[in-house]
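Residue-level listing of the chains:
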Amino acid sequence: MKKLVVIAMMFALVCASTFAKPKKSKKAAKSSIKIAMVTDSGDITDQSFNQTTYQACKDYAEANGLEFQYYKPAGDSTADRVASIDAAYQDGYNVIVLPGYLFGEAIVKVAKDYDDAKFIGLDIGEGDLGGEAVPANVFCAVYAEEIPGFFAGYAAVKEGYRHLGFLGGMAVPAVIRYGYGFVQGVNKAAEELGIANDVTVEYVYGGQFYGDQTITAAMDGWYKNRGVEVVFACGGGIWTSACEAAAKVNGKVIGVDVDQTALINGYGVGMHVTSAMKGLSATVNAALEAIIGGKWADYSGKVSSLGLVSGKDLSVNYVGLPTDTWVMKQFSIDDYKKLVADVYAKKIVISNAIDKNPAVSVKVNYYQNIK
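In this report, the structure presented in the accompanying data block is examined. (Residues numbered from 1 in each chain as written. Predicted model: local features only at pLDDT ≥ 70, side-chain atom pairs only at ≥ 80, totals over all residues. Heavy atoms only, no water.)

This brings us to the overall build of the chain. Secondary structure summary: the chain contains eleven helices and 13 strands in total. Counting only C-alpha atoms, the chain reaches 105 × 45 × 40 Å along its principal axes. Residues classed as buried in the chain amount to 51% of the 371 residues present. Of all intrachain contacts in the chain linking residues separated by at least 6 positions in sequence, the fraction that spans at least 24 positions is 69%. With the model as given, the accessible surface of the chain reaches about 17400 Å², and the carbon-plus-sulfur share is 52%. Positive and negative side-chain charges of the chain, numbering 35 and 39 respectively, have mean locations separated by a distance of 8 Å. (Helix = DSSP H or I, 4+ residues; strand = E, 2+ residues; numbered from the N terminus. Buried < 20%, exposed > 50% of the residue type's maximum accessible area, 1.4 Å probe, protein only. Contact = heavy atoms within 4.5 Å. Areas by Shrake-Rupley, 256 points an atom, 1.4 Å probe, with all protein chains shown as cover. Lys, Arg positive; Asp, Glu negative; His and termini not counted. Charge placed at Lys NZ, Arg CZ, Asp CG, Glu CD.)

Strands belonging to one sheet form pairs held by backbone hydrogen bonds; the direction of such a pair is parallel or antiparallel. With respect to topology, seven strands assemble into an open sheet ordered 12-10-9-8-6-7-13, the strand pairing being mixed. Taken across any chain shown, the strands that pair with only one partner, and hence form the sheet edges, are strand 12 (319-320) and strand 13 (363-366). In the sheet, strand 9 (residues 252-257) pairs with strand 10 (residues 272-278) via four bridges, with the strands oriented parallel. Looking at the pairing, Val 256 lines up with Ala 276 of strand 10. (Pairing = 2+ DSSP bridges.)

Here we take up the packing of aromatic side chains. Under the defined criterion, the tally for this structure stands at 22 aromatic pairs. Here a set of aromatic residues connected by ring pairs shows up, and it is made of Phe 166, Tyr 178, Tyr 180, Phe 182, Tyr 203, Tyr 205, Phe 232 and Tyr 366. Positioned above the aromatic ring of Tyr 93, the side-chain terminus of Lys 34 is 4.6 Å from the ring centre. (Phe/Tyr/Trp six-rings, centres within 6.5 Å; stacked < 30°, edge-to-face > 60°. Lys NZ or Arg CZ within 6 Å of the ring centre and 35° of its normal.)

With that settled, the discussion passes to helix 5 (residues 146-159). Along its 14 residues, helix 5 runs 20 Å from first to last C-alpha, staying within 8% of the 20 Å computed at 1.5 Å per residue. Counted residue by residue, helix 5 has 13 buried out of 14 residues, so it is predominantly covered. Trailing helix 5 by a residue or two, Gly 160 shows a phi angle of about 120°, which is positive. (Expected span 1.5 Å × (residues − 1).)

See the structure below:
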């Protein structure tokens with residue numbers, strides 16, 4: 001009887017070794033991934049950072065059969081944002097997407113406590129992290145704003161505008177890169193057309209990231225008295241002042257960060273010319289794909305500056321102009337594709353320097369901050 005038991009045990013061991021399950025791949029099992037997104041000071045209907053990020057996460061989750069949920073903080077403070085991240089983690093979400101620089105302090109506070117979760121920070125730079133090292137479970141993306149700024153300025157001049165304005169929020173690096181890129185784009189197009197002496201740019205920072213009566217009055221002066229035709233409004237909600245002023249004289253406005261067609265045209269049909277965009281959706285898709293594909297090491301503990309990655313496929317680039325809502329007639333989508341290809345191939349070089357004003361042929365009037 002004992003011999004039979006021994007034989008049976010040996011047979012079981014042989015079977016176990018023969019039919020053992022293969023070792024787990026380095027790729028993350030989809031069933032183990034749950035995606036959460038936390039809004040910053042806005043909500044998922046803001047037609048800006050939050051809404052774009054929410055839609056990108058939702059679409060990716062649905063396409064890949066993953067769970068997704070978003071959380072809205074109770075208030076506009078780091079403590080409120082941390083509380084929402086805590087709630088998402090406690091609910092079992094282990095990939096948490098955080099849009100906007102306001103999450104800089106929060107991401108540092110929570111990442112080390114939740115080292116088995118992964119965090120994707122959008123538009124969060126090293127300066128937003130307060131000098132802290134980026135934890136291994138965090139990836140932060142910033143953007144080469146000078147490139148979409150350049151595209152917007154170039155397109156506006158090619159479209160026929162000769163008197164342009166740049167209204168920045170606060171003179172922080174991202175806003176300055178947008179503005180200096182815009183001036184370079186205006187200049188490049190003007191030089192190509194041989195009209196540099198006929199093109200003028202008015203340039204100012206509001207000193208805050210929202211519009212108000214004082215800033216609207218300054219824009220009234222640009223549109224009504226100085227003859228500005230189109231303003232690139234760049235920095236939080238400061239675009240509202242540009243739109244309020246433009247609406248009085250049938251002026252035009254260029255949007256920023258996301259496609260602001262609907263927002264700007266809400267102040268006047270046809271007011272929106274184009275928008276200098278950051279590829280939030282492309283960033284979300286790439287980072288989530290890396291997690292599923294076992295390539296998180298390419299993102300782990302990094303702050304990456306994202307720009308053009310293709311001269312042909314516009315959809316994969318992290319910066320650009322929106323083509324789905326294109327209304328420009330003198331500057332076509334084909335013209336834009338050629339411009340992207342030339343910049344990607346470095347036939348056109350755009351400076352990202354912010355320590356001094358760009359050297360250009362067009363006239364640029366720089367003003368002191370409005371506030």
